[in-house]
Amino acid sequence: MLDLKIINGQVADLAANRLVQESVGIRDGIIVARGAAADAEEAKETIDASGHVVSPGFIDIHMHEENYGLVPEGEWDIASCMLRMGVTTAVIGNCGSNRQYPGEVEERIGRLGNPVNYMAFIGHNFLRDLVGSRDTQAASTPEQIEQMALMVKEEIDKGAIGISYGIEYATGMTFEEMVGICKYVTGRKDLLLAAHYREDASGALPSITEMCEISRVTGIPFQISHLSSCSAFGNMREALDLIHKYREEGLDVLADAYPYAAFSTAIGSDVFLPGCLEHWGADYPDVEMTEAPYENVRCTKEIFDDARQNYPEMYAIAHVMKEEEIAMALADPLVMPASDGIYRHHKGHPRGAGTFPRYLGKYVREEGLADLITGIRKCTEMPAQRLRLGDRKGRIEEGFDADITIFDPETIIDRAVFGDGQLPPEGIDYVIVNGRIALRGTEIVDYGCGKYIRRP
């Protein structure tokens, strides 16, 4: 007997590149049957997906897990938002920043479960702090680089998927340092490097070159993080052309982007150093704060300075990017959607709750940037393959993990907004994680379906 059967849905058959109306059968967390084979078996529970698409669960290759010091055990902040927008697997530890050791995340998920599956990078900036290299404007010493290289090897051996860099958050890190911490994993094609640019806007193209050259020297594939937040300032076409050039030269480099024309990070970070507004062609009111005492307040110089001085951990949202260049990035075949989602105390940018419904609703359905199958592929199979999960996730096939999102292609859309960044989307009716129904509509019915996934 099947544990779960989905009937009457339009299955996203990515191998055939089309939607196919057929049933899907699930047992022990695995897709075990499709079509007539699924119809022939009884099931403990059946979902009627009439008028809906049965898609692989969305995979968010770039997000930031909650700080477990801010959420009680058994409660979640961003992981719940991930689930509500159809994400079944998400990658943490991005931008060089782990909020806790990957091992701590794995232990917690082992005890409590998680709304979605997690994989983890080990962050360079996180390691810098551990070895005492805390001056963001200074390079690490050779001894510190060697310590970090050994720590990288240890975390990779424990199952981390690779290294992430937050270059703009510690601009003192040199090219030699970033390559140096790869000393014991050089040439590993099964790993992945990812980075937040050294500089956005006018500095985007040199930053892309730096990242691609790191990939060339280390021999490790490279994921350029949140292309939209760093290159959507008037040079997106040039940025995309540069990435394509490096691909043509044989480098394994891809990018991700989120579908919003505003970025978000801590107001006290080096991103907001003096001169940043002029660099972006912006002014103080373009920066919006997210928590008390300035919740949903647009900045003045006084608020900006006070927040940086007294509330440096508060997230700020900078409305400074060009909408048409966001669309340009999302339309490119080398770019996959990813949220860069991050919250504190349930406050922050709506990308953490709306990225995938917004991409499929606004950009695919309404603006026609891609056909539906291509849009689904960018949210599922493309990141699965990037994470070396392509033989178990990202497709509705027999033998694959039963991570499935069922949505209405006519109504799926984001509802989270600036000022209320965790409103759930519309049009997602079920999310199944490891064969268990985790979400019905907007109601989470099982918080413990997700697992910690070590690098394959």
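It should be noted that the structure appears before, not after, this text.
It should be emphasised that the depicted structure is a prediction, and the values quoted were computed from it without experimental measurement. (Residues numbered from 1 in each chain as written. Predicted model: local features only at pLDDT ≥ 70, side-chain atom pairs only at ≥ 80, totals over all residues. Heavy atoms only, no water.)

1. Topic: the overall build of the protein chain
In plain terms, the rule: For the purposes of this entry, the term helix denotes a DSSP run of H or I that reaches at least four residues, the term strand denotes a run of E that reaches at least two, and both are numbered from the N terminus. Only the C-alpha atoms count toward the radius of gyration. The rule for a globule is 2.2 Å times the residue count to the power 0.38. Partly exposed residues are those whose accessible area sits between 20% and 50% of the maximum for their type, while under 20% is buried and over 50% is exposed, using a 1.4 Å probe and protein chains only.
Looking only at helices and strands, one finds 15 helices and 25 strands in the protein chain. What you see for the protein chain is a C-alpha radius of gyration of 21 Å, in line with the 23 Å of a compact globule of 456 residues. Its C-alpha atoms give the protein chain principal-axis dimensions of about 65 × 45 × 45 Å. Counting all 456 residues of the protein chain, 62% fall into the buried class.

2. Some details on helix H12 (residues 323-331)
Selection criterion: The contact rule is simple, with two residues in contact once any of their heavy atoms fall within 4.5 Å.
When we look at burial in H12, the residues that qualify are Glu325, Ile326, Ala327, Ala329 and Leu330. Summarising the contacts, the buried residues of H12 are in contact with helix H8 (227-231), helix H9 (236-248), strand S15 (253-257), strand S19 (335-337), helix H13 (351-366) and helix H14 (372-379).

3. Here's the deal with the sheet that holds strand S17 (residues 287-289)
In sheet architecture, strand pairing relies on hydrogen bonds along the backbone and comes in two forms, parallel and antiparallel. Note the cut-off: A pair of strands is treated as paired once DSSP finds two or more bridges between them. With axes taken as lines fitted to C-alpha atoms, and helix axes fitted only over the stretch in contact, angles between N-to-C directions fall between 0 and 180 degrees.
Read across the sheet, three strands follow the order S16-S18-S17 without closing on themselves; strand pairing throughout is antiparallel. Every interior strand has two partners, whereas the edge strands, strand S16 (263-266) and S17, have only one. Sheet twist, expressed as the average angle between the axes of neighbouring strands with direction ignored, equals 30°. Sheet topology places S17 next to strand S18 (residues 315-318); three bridges connect them, and they run antiparallel. Directly across from glutamate 288, in S18, lies its bridge partner isoleucine 317.

4. Notes on the nonpolar core
What counts here: To qualify as a nonpolar core, a set must consist of buried Ala, Val, Leu, Ile, Met, Phe, Trp, Tyr and Cys residues joined through side-chain atoms within 4.5 Å.
Among the nonpolar cores identified, the biggest contains 134 residues, and Tyr118, Tyr165, Ile224, Leu227 and Trp280 are the most heavily contacted of them. With sequence-adjacent residues up to four places away left out, tryptophan 280 is seen in contact with Asp200, Ala201, Phe233, Phe263, Val271, Phe272 and Val320.

5. A few points about the packing of aromatic side chains
Which entries qualify depends on this criterion: Any two rings among Phe, Tyr and Trp, with Trp reduced to its six-membered ring, count as a pair given centres within 6.5 Å; such a pair is stacked if its planes are under 30 degrees apart, edge-to-face if over 60, and tilted if neither.
Scanning the model with the defined rule gives 11 aromatic pairs in all. For the ring pair tryptophan 76 and tyrosine 447, a centre distance of 5.6 Å and an interplane angle of 15° mean the geometry is stacked. With tryptophan 76 in the loop between strand S8 (58-60) and helix H2 (78-84) and tyrosine 447 in the segment after strand S25 (443-444), this pair connects stretches of sequence that are 371 residues apart. Relative accessible area serves as the criterion here: at 35%, tyrosine 447 is assigned to the partly exposed category.

6. As for the environment of leucine 242
Tracing the chain through its elements places leucine 242 in helix H9. With a relative accessible area of 15%, leucine 242 lands in the buried category. Along the chain, leucine 242 and isoleucine 26 lie 216 residues apart, while their C-alpha atoms are 43 Å from each other. Not counting residues up to four positions away in its chain, the partners in contact with leucine 242 are Leu205, Ile208 and Thr209.

Read these as geometric descriptors, not functional statements.
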